[in-house]
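This is what each chain is made of:
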Amino acid sequence: MNDAFEGGALDLPGWRHVYSGKVRDLYEPDLPALGGAHPLGDVVLVVASDRVSAYDHVLRPGIPDKGVVLTQLSLWWFEQLADLVPHHVVSVEASAEPFDGLVPDVVAGRAMICRRLEMYPVECVARGYLTGSGLAEYQASGSVTGIALPAGLVDGSRLPEPIFTPATKAELGEHDENVPFSAVVETVGERAAATLRDLTLAVYARAESIARERGVILADTKFEFGVAAGADPADPGALGVVLGDEVLTPDSSRFWPADEWEPGHAQPSFDKQFVRDWLTSPVSGWDRAADTPPPALPADVVARTRERYLEAYERLTGTALR
Ligand code: ATP
Ligand code: MG
């Protein structure tokens, strides 16, 4: 596998860079170079880099192969969920030919050609366990996004039933903000809001039970949905809503080893826990409250984080990626 793929946009023949988030880069077909149309229709190329973010900062160096893990795990999940919800992946076929519109060789394994969707501006979060921003809100108000919860819950508690706790999508560098369901209704309309909620909870339930069979707790997760061009976002119909973005990866989800679950404190998790722990330890010398960029990650933190991502893939899919 490659060295860390941590830079920004690449020069990909046949594709034009249009957007970069903290972790992923989005390209659209370079139509003139392709002779006016893309062979697969209205598509985008989503490339997962090896960049790792924590506390809203992108860190250096990247985690080698992280982007491959994110993409391969998403693809595996899309397949597990295909009978519940349509997904946006059109092709992951790679090609050495520069201008044929397939996935350029240099990003093969970490890229997917996807139907271009109009994304709903809602982070569709499902929680089966209480932690993170959900826990903070519960401690302050006894509820999460307006959903009242029983008294006495602690960090890592299992909720009586999974809940839909939407958030607004923040601009780069800003925090997402938890919002009540009524805010989603205002943004996308009643029918679409109900569909997003029901799909989020249905997909969470399926994924939670698949993960549990493999000894992994899916504590919470975030989905992004969209509609294909031509569909009415306010009334998309049962099959009009498409699952986009990445799904059920360690970047969008909290995965906990089930045999180590013990409510009352932070749980060990299959993600960038080592990065967060190191950054907030005195050893890093970084002050989270100050507005300075974090220091470079030491090699052992990078190596252990890489192992953790690979382990998540292997535990969930039952196959090796190396
Ligand atoms: P953050 O860094 O906070 O995650 P982000 O979500 O904007 O910011 P990425 O997740 O790195 O950044 O980038 C993926 C982007 O691609 C998102 O904005 C997502 O909504 C968008 N996206 C995902 N799938 C599709 C699709 N099929 N069509 C159009 N846009 C898509
Ligand atoms: Mg994102």
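Position numbers for residues start from 1 in each chain and track the written sequence from start to end. Each chain is given a letter, starting from A, and each ligand a number, starting from 1, according to the order in which they appear as written. Local features are withheld for residues below a pLDDT of 70 in this predicted model, meaning they are given only at 70 or higher, and side-chain atom pairs are given and counted only at 80 or more; totals for whole chains, interfaces and linings count all residues. With hydrogens and water excluded, all non-hydrogen atoms of the structure serve as input to the side-chain values.

Within an unreviewed UniProt entry, the label attached to the protein chain reads Phosphoribosylaminoimidazole-succinocarboxamide synthase, and the organism entered is Xylanimonas ulmi. UniProt positions are given in the numbering used here, feature names are shortened, and annotations may be inferred rather than shown by experiment. In the Sequence similarities (unreviewed entry) part of its UniProt record, the protein chain is described as follows: "Belongs to the SAICAR synthetase family." In its Catalytic activity (unreviewed entry) section, the UniProt record describing the protein chain reads: "5-amino-1-(5-phospho-D-ribosyl)imidazole-4-carboxylate + L-aspartate + ATP = (2S)-2-[5-amino-1-(5-phospho-beta-D-ribosyl)imidazole-4-carboxamido]succinate + ADP + phosphate + 2 H(+)".

Colleague: Which parts of the structure should I look at to understand the site of ligand 1?
Modeller: Neighbouring residues are identified by heavy atoms, a residue being near a molecule or strand if any of them is within 4 Å of it. Around ligand 1 sit 16 residues, and of these Tyr 19, Lys 22, Arg 24, Lys 169 and Glu 224 come closest. Pairing of N or O atoms within 3.5 Å defines a polar contact, subject to two protein rules: one partner must be a possible hydrogen donor and the other a possible acceptor, and residues neighboring in sequence count only if both atoms are side-chain atoms. Between an oxygen atom of ligand 1 and a side-chain N or O atom of Tyr 19, the distance comes to 2.3 Å. Contacts to ligand 1 include Arg 24, whose side-chain N or O atom sits 2.5 Å from an oxygen atom. Here ligand 1 has 610 Å² of accessible area as a free molecule, and 86% of this is covered by the chains. Elements with a minimum of two residues in the shell around ligand 1: strand S2 (24-29), strand S9 (111-115) and strand S10 (117-119). Its residues assigned to classes, the shell around ligand 1 comprises seven nonpolar, two polar and seven charged. Domain segmentation is taken from an automatic or database assignment of domains. Split by domain, the shell around ligand 1 shows at least three residues from each of two domains, domain 1 (3-115) and domain 2 (119-260). Here the open area of atoms and residues is found with the Shrake-Rupley method and a 1.4 Å probe, where only the protein chains shown may cover a residue. Only DSSP runs of H or I covering at least 4 residues are called helices, and only runs of E covering at least 2 are called strands; the numbering of each starts at the N terminus. Only Asp, Glu, Lys and Arg are considered charged, only Ala, Val, Leu, Ile, Met, Phe, Trp, Tyr, Cys and Pro nonpolar, and every remaining residue, Gly among them, polar.

Colleague: Would you mind showing me how to read unusual backbone geometry here?
Modeller: The phi angle of most residues is negative, glycine excepted, and most peptide bonds adopt the trans form. That bond from Arg 60 to Pro 61 is cis: its omega, -10 degrees, falls within 30 degrees of zero. Take Pro 61: it is sitting in the loop between strand S5 (57-59) and helix H1 (66-81). Non-glycine residue Asp 56 carries a positive phi angle of around 65 degrees. Residue placement: Asp 56 occurs in the loop between strand S4 (52-54) and S5. Accessibility here uses a 1.4 Å probe with only protein chains present; expressed as a share of the type maximum, an area under 20% marks a residue as buried, one over 50% as exposed, and anything in between as partly exposed. When its relative accessible area of 26% is taken as the criterion, Asp 56 is described as partly exposed. In this model, Asp 245 sits at a positive phi of 60 degrees, which is unusual for a non-glycine residue. Topologically, Asp 245 is positioned in the loop between strand S19 (241-243) and strand S20 (253-257). What makes Asp 245 buried here is its relative accessible area of 16%.

Colleague: Looking at this model, I keep getting lost on the pattern of salt bridges. Mind explaining?
Modeller: For side chains of opposite charge, pairing can occur when their charged atoms come near one another. Should a side-chain nitrogen of Lys or Arg be within 4 Å of a carboxyl oxygen of Asp or Glu, the pair is scored as a salt bridge. Here the structure, examined in full by the defined rule, presents 25 salt bridges. A salt bridge links Arg 110 to Asp 50, with the shortest nitrogen-to-oxygen separation between them at 3.0 Å. Of this pair, Arg 110 sits in the loop between strand S8 (103-104) and S9 while Asp 50 sits in the loop between strand S3 (43-48) and S4; the two residues are 60 residues apart in sequence, bridging distant segments of the chain. Both residues of the pair, Arg 110 and Asp 50, belong to the buried class. The closest approach of N and O atoms between Arg 206 and Asp 83, which form a salt bridge, is 3.0 Å. Highlighted residues: Arg 206 in helix H4 (residues 190-213) and Asp 83 in the loop between H1 and strand S6 (89-91), separated in sequence by 123 residues.

Colleague: Would you explain the packing of aromatic side chains in this entry?
Modeller: Pairs of aromatic rings are described using the distance from one ring centre to the other and the angle between the two planes. In this analysis, rings of Phe, Tyr and Trp, with Trp reduced to its six-membered ring, are considered paired at centre separations within 6.5 Å, and the interplanar angle assigns stacked below 30 degrees, edge-to-face beyond 60, and tilted for intermediate values. According to the stated counting rule, one finds six aromatic pairs in the structure shown. Ring centres 6.3 Å apart and planes at 35 degrees place the aromatic pair Tyr 55 and Trp 286 in the tilted group. In this pair, Tyr 55 sits in the loop between S4 and S5 while Trp 286 sits in the loop between helix H5 (273-280) and helix H6 (299-317), placing the two residues 231 residues apart along the sequence. Grouping aromatic residues by their ring pairs yields a cluster made of Tyr 129, Trp 256 and Trp 261. Ring-over charges, as used throughout, are those where CZ of Arg or NZ of Lys falls within 6 Å of the ring centre and within 35 degrees of the ring normal. A cation over an aromatic ring shows up here: Arg 110 above the ring of Phe 5, its NZ or CZ 4.0 Å from the ring centre. One residue, Arg 304, lies across the ring of Phe 274, its end atom 4.3 Å from the ring centre.

Colleague: How should I be thinking about the sheet that holds S10 in this particular structure?
Modeller: Paired through backbone hydrogen bonds, the strands of a sheet run either parallel or antiparallel to each other. Should DSSP find at least two bridges between two strands, the strands are taken to pair. Judged by pairing direction, the sheet is antiparallel, and its three strands sit side by side in the order S10-S18-S19 without closing on themselves. Every interior strand has two partners, whereas the edge strands, S10 and S19, have only one. For this sheet, the mean angle separating the axes of adjacent strands, direction not counted, is 45 degrees. Relative to strand S18 (residues 225-228), S10 runs antiparallel, the two being bridged by three bridges. In the sheet register, Met 119 faces S18, and the bridge partner there is Gly 226. As a rule, the C-alpha atoms of each element are fitted with a line to give its axis, helices using only the stretch in contact, and angles between N-to-C directions run from 0 to 180 degrees.

Colleague: Sorry if this is basic, but what is going on with the environment of Val 184 here?
Modeller: Tracing the backbone through its elements, the reader meets Val 184 in helix H3 (residues 181-188). For the pair formed by Val 184 and Thr 168, sequence separation is 16 residues and the distance between their alpha carbons is 8.6 Å. The residues contacting Val 184, other than those within four sequence positions of it, are Val 122, Pro 166, Val 179, Gly 189 and Ala 193. Contacts are assigned to residue pairs that have any heavy atoms within 4.5 Å of one another.

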